[in-house]
Protein chains: 2
Amino acid sequence: MSAEAFRLHGHDLVDWIADYLDGVEDRPVTAQVEPGWVRRQLPPEPPERGEPFADVLADVERIVVPGLAHWQHPSWFAYFPANSSGPAVLGELLSAGLGVQGMLWATSPACTELEAHLLDWMVTALGLPEVFRSDGPGGGTIADSASSAVLCALLAARERATAGAINCTGIDRPLAVYATAQAHSSIEKAVRIAGLGSDALRTVSVDGEHALSPAALDAALEADRAAGVEPVMVVATVGTTSSSALDPLPEIAEVCRRHRVWLHVDAAYAGVAAVCPELRWIHAGLELADSYCTNAHKWLLTNFDCTLFYVADRAALVGALGILPEYLRNAATASGDVIDYRDWQVPLGRRFRALKLWFVLRHYGLEGLRAHIREHVEAASWLAQQVVAHPDFTLAAPAPLSLVCFRRLGGDALNERLLAALNDSGELYCTHTRLDGAYTLRLAVGGTRTERRHVEAAWARVTATAARLVAHPGAQRDAEQPV
Amino acid sequence: MSAEAFRLHGHDLVDWIADYLDGVEDRPVTAQVEPGWVRRQLPPEPPERGEPFADVLADVERIVVPGLAHWQHPSWFAYFPANSSGPAVLGELLSAGLGVQGMLWATSPACTELEAHLLDWMVTALGLPEVFRSDGPGGGTIADSASSAVLCALLAARERATAGAINCTGIDRPLAVYATAQAHSSIEKAVRIAGLGSDALRTVSVDGEHALSPAALDAALEADRAAGVEPVMVVATVGTTSSSALDPLPEIAEVCRRHRVWLHVDAAYAGVAAVCPELRWIHAGLELADSYCTNAHKWLLTNFDCTLFYVADRAALVGALGILPEYLRNAATASGDVIDYRDWQVPLGRRFRALKLWFVLRHYGLEGLRAHIREHVEAASWLAQQVVAHPDFTLAAPAPLSLVCFRRLGGDALNERLLAALNDSGELYCTHTRLDGAYTLRLAVGGTRTERRHVEAAWARVTATAARLVAHPGAQRDAEQPV
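Note that the structure is a prediction, hence the values are computed from the model and not measured. (Residues numbered from 1 in each chain as written. Chains lettered and ligands numbered in written order. Predicted model: local features only at pLDDT ≥ 70, side-chain atom pairs only at ≥ 80, totals over all residues. Heavy atoms only, no water.)

Along the backbone of chain A there are 16 helices and 11 strands. The C-alpha radius of gyration of chain A comes to 24 Å, within 12% of the 23 Å expected for a compact globule of 483 residues. Its C-alpha atoms put chain A at 65 × 65 × 45 Å along the principal axes. Every one of the 483 residues in chain A was classed for burial, and the buried ones make up 67%. A sequence separation of at least 24 residues applies to 73% of the contacts in chain A between residues at least 6 apart. Of the accessible surface of chain A, which amounts to about 14,800 Å², a share of 52% is contributed by carbon and sulfur atoms. Mean positive and mean negative side-chain charge positions of chain A (40 and 57 charges, respectively) differ by 2 Å. (Helix = DSSP H or I, 4+ residues; strand = E, 2+ residues; numbered from the N terminus. Rg over C-alpha atoms; globule rule 2.2 N^0.38 Å. Buried < 20%, exposed > 50% of the residue type's maximum accessible area, 1.4 Å probe, protein only. Contact = heavy atoms within 4.5 Å. Areas by Shrake-Rupley, 256 points an atom, 1.4 Å probe, with all protein chains shown as cover. Lys, Arg positive; Asp, Glu negative; His and termini not counted. Charge placed at Lys NZ, Arg CZ, Asp CG, Glu CD.)

The following block contains the structure:
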């Protein structure tokens, strides 16, 4: 594609994206297609000859868009958000345009150094412990996801717990990892990948607010040590997926210190809230953690993927993941003066992901990011109050940040039908979880375009839909299957 | 950022990228900065207030660009290429602009279905075995890298070899993986991550052309089985990193079949060459492989990351990596009619990477991609002939595709100085390896803008620089440190 054609099509696509995002609110939030619909629109074989770009863009509109769930819709309240912004999209565009691959410092010093610098900026921005800064033995990197971060944390913890032996000999002794049943499924995935097996994941019991019980953790560690099992890692969650429960870090860290176990803190969703000083209490006790992650790609206006992953001691991480074949040797690596981020992650190759975070920080400034977080916390707090005040609804868990978990009185079946009806409307999208065994609706505020009015409209629809379902229990059953 | 501002800055950035790529040939190929230079240009603290986009773009030019190694430079001959193209960059832009996250079919059906469809298209495009198509028990996905693909292949192989037991109990028996010393370092990394330990990686000996010896593999498998070790996976490479050696797939597959061991074929660099029918011989024997990968992001004009990863039986892969917590349950998943690609990879989240590959295939058509591959194969073949014909140089390995490995007669020190002097010139960038113990220069042809004339110019510089170094052995020592 010539430079002139790239300019032309690039401008067209930028305009198309601007229009799409500007009008996304008018679309149904989730896709309205059956399994197989998208594939049936596509030719069975790849094209022999090139086609005009305009035809491709027309097919985006015709085939792709109807098959999207619109994550950037302001009434997207499902899962956690994966919000984005203009500067983030442009940072991703620049990353693709430069086309550099930052596996080594030497293969583009700016890719490595901007990333290291931004991760230090984020220590300041979020008020994180200094131990995570790169000018000491620790440091941060951008991972693709919190799943990869917890896997790498586990590998580093395994390295430290076994003094590097397992990297050579393989797993030759019983090991264990500790988290609550509310912790993210990526922990079990990591435990499996790392060869410990699901059975090695100990489910630590929780208190009434779904947060980890330090006494139960202490007892579990004690029991395993006594039985000859080597505890490798404890995962504490700041903002669980189900209910944004906050595990008590100070007490957990003290237990981990006493038992000499690696503490990983998974703040994938909630951590970025600490850009607001008044919310930094969520990280109390973090200074004793060995590793930490939070996702700029959930709630901090930076498009997926941008997980901020920190370790207090990078030696264990690099020990677990560093391998230096001849074809990657170079003077800078040999000098020891540089970071080679390939040794901090599973893949060898790396995109220049720091650009999008840099663009976001400079465009909004910390002030802008704080305003964005505060608006959502306030909207969620308002919603939680409405739930509490409504005689037919119950708040299923505390809502300290931007996730509100609630139920309509009347049992699981009614709540399942309520969720299906809400999502079928196309006006909003929520998901569910189970808390204390009960089917629970989750409404996560956090979209870039989500304002107080969208949360108000959602609540009005929730109450009206529930009232209709209760009044006409048999109605519209056909329309209530979630897509 | 308002829609209007996004349009304005987006157009500016598209133009900036067009100019950058148009002029990249005039820049020194590698970065001219010392460790720490980039960080010293950046403020120590993040900005409190937002800044104009123009200031950010000015800093890209002032701080980022001098710190880049220009992977898109036509005289980039280092490592393997990570080439890119206009349609690929626009596909990445669209992916970021849509901002959807395709962890589940339900979270954007188009993201999953376009990917599955394109992976089937690529079976046709590359003439891959039908067993990798998604309409049978197999299928393909886009992974971030060949490193992640080999890890996932190993997890699937471990799942099958132990009938799922290790996913629960952890590694409880001696396991082994087989590859040559020429195979990629990601295999050792995967073996470590999966908890087998480096010692479990058996180094199978090679023939005179650095390709795996099937007889040696057979003997290694035999010996391990006899000693009570469970062979889990063999990795055969089609196009090794050091020298593009081609392991003999038919014989290896036969040995694997006989020993009932998973065969993963790593064609990260070379596989995409099979878009040309006359090069499909590189995949002879692939129909017996259990998994396969090739990188569209190396030599197929699609920007990193875009690894095409296939399995003949997706059940083992999903068995190894699938976990379904309550908050991800949905009707489509429960129906079994859809693919949820989160179960095919380490991370949970996924970008819409299929768009860039789709844009590339439709813009160039298979004809365009073949022309691009053929031009590079011909240029490399020409270069190999020059090396062979030159009395002072020796071809260090066969050059069947686009990588040429060579040495100047005169020993390692001379060749090290030759590489350093070439790279210091800023006119081209090559890297090195060791073959049969000897320091060897690698020149990999494959950049989007790389034409025959760039390879001719590189060879002229190689011979002239070598002649100068031999004539003046002490000259310019200070300037010869690689950056």
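So, about the domain arrangement of chain A. Think of interface size as the accessible area that goes away when the parts come together; that is how it is often given. Segmenting chain A into domains produces domain 1 (3–69), domain 2 (100–351) and domain 3 (366–480). For domain 1 of chain A and domain 2 of chain A, the distance between their C-alpha centroids amounts to 37 Å. (Domains from an automatic or database assignment.)

Ranked by size, the top nonpolar core spans 228 residues in total, and within it Phe352 of chain A together with Phe352 of chain B carry the most contacts. Ignoring any residue separated from it by four or fewer positions in sequence, one finds Phe352 of chain B in contact with Val64 and Leu68 of chain A together with Ser95, Leu98, Val100, Ala110, Cys111 and Leu114 of chain B. Counting residues in hydrophobic clusters, the runner-up holds 82 residues, among them Ala200 of chain A together with Ala183, Val232 and Leu321 of chain B. (Core = buried A, V, L, I, M, F, W, Y, C linked by side-chain atoms within 4.5 Å.)

It is worth spelling out the interface of chain A and chain B at this point. Opposite the 149 residues of chain A that make contact, chain B presents 148 residues. The largest contributions to the chain A side of the interface with chain B come from Arg39, Tyr327 and Arg362 of chain A, which together make up 7% of the buried area. Taken together, the connections running from chain A to chain B amount to 16 salt bridges. Inspection of the region where chain A meets chain B yields 77 residue pairs in polar contact (both at pLDDT 80 or more). With 16 residues, helix H1 (residues 3–23) of chain A is the single largest residue contributor to the side of chain A that touches chain B. When its residues are assigned to classes, the side of chain A that touches chain B shows 78 nonpolar, 39 polar and 32 charged. (Buried area = accessible area lost by both parts, 1.4 Å probe. Salt bridge = Lys/Arg side-chain N within 4 Å of Asp/Glu carboxyl O. Polar contact = N/O pair within 3.5 Å; in protein donor to acceptor, adjacent residues only side chain to side chain. Nonpolar A, V, L, I, M, F, W, Y, C, P; charged D, E, K, R; others polar.)

With an axial shift of 0.0 Å and an RMSD of 0.0 Å, the rotation relating chain A to chain B amounts to 180°. Taken together, the rotation angle and the small translation identify this as a two-fold axis. Taken together, the interface assignments show that 99% of the residues at the interface of chain A recur at the interface of chain B, consistent with an identical surface on both copies. (Least-squares fit on C-alpha atoms with pLDDT ≥ 70 in both.)

The next subject is the sheet that holds strand S11 (residues 438–444) of chain A. Residue and element names in this part refer to chain A. Taken in spatial order, the 4 strands line up as S8-S9-S11-S10 in an open sheet, and their pairing is antiparallel. The sheet terminates laterally at strand S8 (393–395) and strand S10 (431–435), the two strands that pair on one side only. Shown here is a sheet whose adjacent strand axes are inclined to one another by a mean of 40°, direction ignored. Sheet topology places S8 next to strand S9 (residues 403–408); 3 bridges connect them, and they run antiparallel. (Pairing = 2+ DSSP bridges. Axes fitted to C-alpha atoms, helices over the stretch in contact; angles between N-to-C directions.)

Okay, the pairing of strand S4 (residues 230–237) of chain A next. Moving residue by residue along a regular strand, the side chains alternate between the two faces of the sheet. Residues and elements named next belong to chain A. S4 sits mainly inside the fold: 7 of its 8 residues count as buried. As judged from the 5 bridges shared by S4 and strand S5 (residues 262–266), these two strands associate in the parallel manner. The partner of Val235 across the bridge, within S5, is His264. Regarding topology, helix H10 (residues 249–259) serves as the crossover connection from S4 to the parallel S5, and that connection is right-handed. (Right-handed = clockwise from strand over helix to strand, strands pointing away.)

With the rule as written, the count across this model stands at 72 salt bridges over all chains. Put simply, Arg173 of chain A and Asp172 of chain A hold a salt bridge, and the shortest N to O gap is 2.9 Å. The shortest N-O distance in the salt bridge between Arg225 of chain B and Glu230 of chain B comes to 3.6 Å. The class of Glu230 of chain B is partly exposed, set by a relative accessible area of 23%.

The subject of this paragraph is the packing of helix H14 (residues 354–389) of chain B against helix H16 (residues 452–471) of chain B. Residue and element names in this part refer to chain B. Running from N to C, H14 and H16 point in directions that differ by 20°, and their axes come no closer than 9 Å. In terms of orientation, H14 lies roughly parallel with respect to H16. In terms of crossing hand, the pair formed by H14 and H16 is right-handed. Contacts between H14 and H16 pair Glu375, Ala379, Trp382, Leu383, Gln386 and Val387 from the former with Arg452, Val455, Glu456 and Trp459 from the latter. (Parallel < 35°, antiparallel > 145°, perpendicular 65-115°, else oblique. Left-handed = near helix turned anticlockwise from the far one by under 90°.)

Okay, the confidence of the model for chain A next. Residue and element names in this part refer to chain A. Mean pLDDT for chain A: 96, with 98% of residues reaching 70 or above. Within the model, the stretch residues 477–483 combines pLDDT values under 50 with 15 contacts to residues more than four positions away or in other chains. Complex prediction metrics read pTM 0.97 and ipTM 0.96. (pLDDT = per-residue confidence, 0-100.)

Quick look at the sheet that holds strand S11 (residues 438–444) of chain B now. All names here are of chain B. On the basis of which strands lie adjacent, the open sheet formed by 4 strands has the order S8-S9-S11-S10 and antiparallel pairing. Strands with a single pairing partner mark the edges of an open sheet, and in this sheet they are strand S8 (393–395) and strand S10 (431–435). For this sheet the average axis-to-axis angle between neighbouring strands, irrespective of direction, equals 40°. In the packing of H14 onto the sheet, the strands contacted are S8, strand S9 (403–408) and S11, and the crossing angle to S9 comes to about 20°. Here helix H15 (residues 412–424) sits on the sheet and contacts S8, S9, S10 and S11; the angle it forms with S11, its principal contact strand, is near 30°.

All names here are of chain B. Here helix H9 (residues 214–226) contains 13 residues, and its C-alpha end-to-end distance of 18 Å stays within 8% of the 18 Å for a straight helix at 1.5 Å per residue. Every buried residue of H9 is accounted for by Leu217, Asp218, Leu221 and Asp224. Angular distribution of buried residues about the axis of H9 spans 135°; they occupy a single face of the element. Summarising the geometry of H9, the exposed residues directed more than 90 degrees from the buried face are Ala215 and Ala226. In this structure, the buried side of H9 is in contact with strand S2 (175–180), strand S3 (201–204), strand S4 (230–237) and helix H10 (249–259). Following H9 by one or two positions, Gly228 adopts a phi angle in the positive range, close to 85°. (Expected span 1.5 Å × (residues − 1). Arc of directions from axis to C-beta.)

Now for the state of the cysteines. Inspection of every chain in the model, using the stated rule, returns 0 disulfides over all chains. With no disulfide of its own, Cys405 of chain A lies 10 Å from the sulfur of Cys430 of chain A, the closest cysteine sulfur. Among the residues examined, Cys405 of chain A registers a relative accessible area of 1% and is labelled buried. Between Cys306 of chain B, a free cysteine, and Cys293 of chain B, which holds the nearest cysteine sulfur, the sulfur-to-sulfur gap is 12 Å. We classify Cys306 of chain B as buried; its relative accessible area is 0%. (Disulfide = S-S within 2.5 Å.)

Residues and elements named next belong to chain A. Most of S10 sits inside the fold, with 4 of its 5 residues counted as buried. As defined by bridge partners, S10 adjoins S11 across 5 bridges and the pair is classed as antiparallel. Across the sheet, residue His432 finds its bridge partner in S11, namely Leu441.

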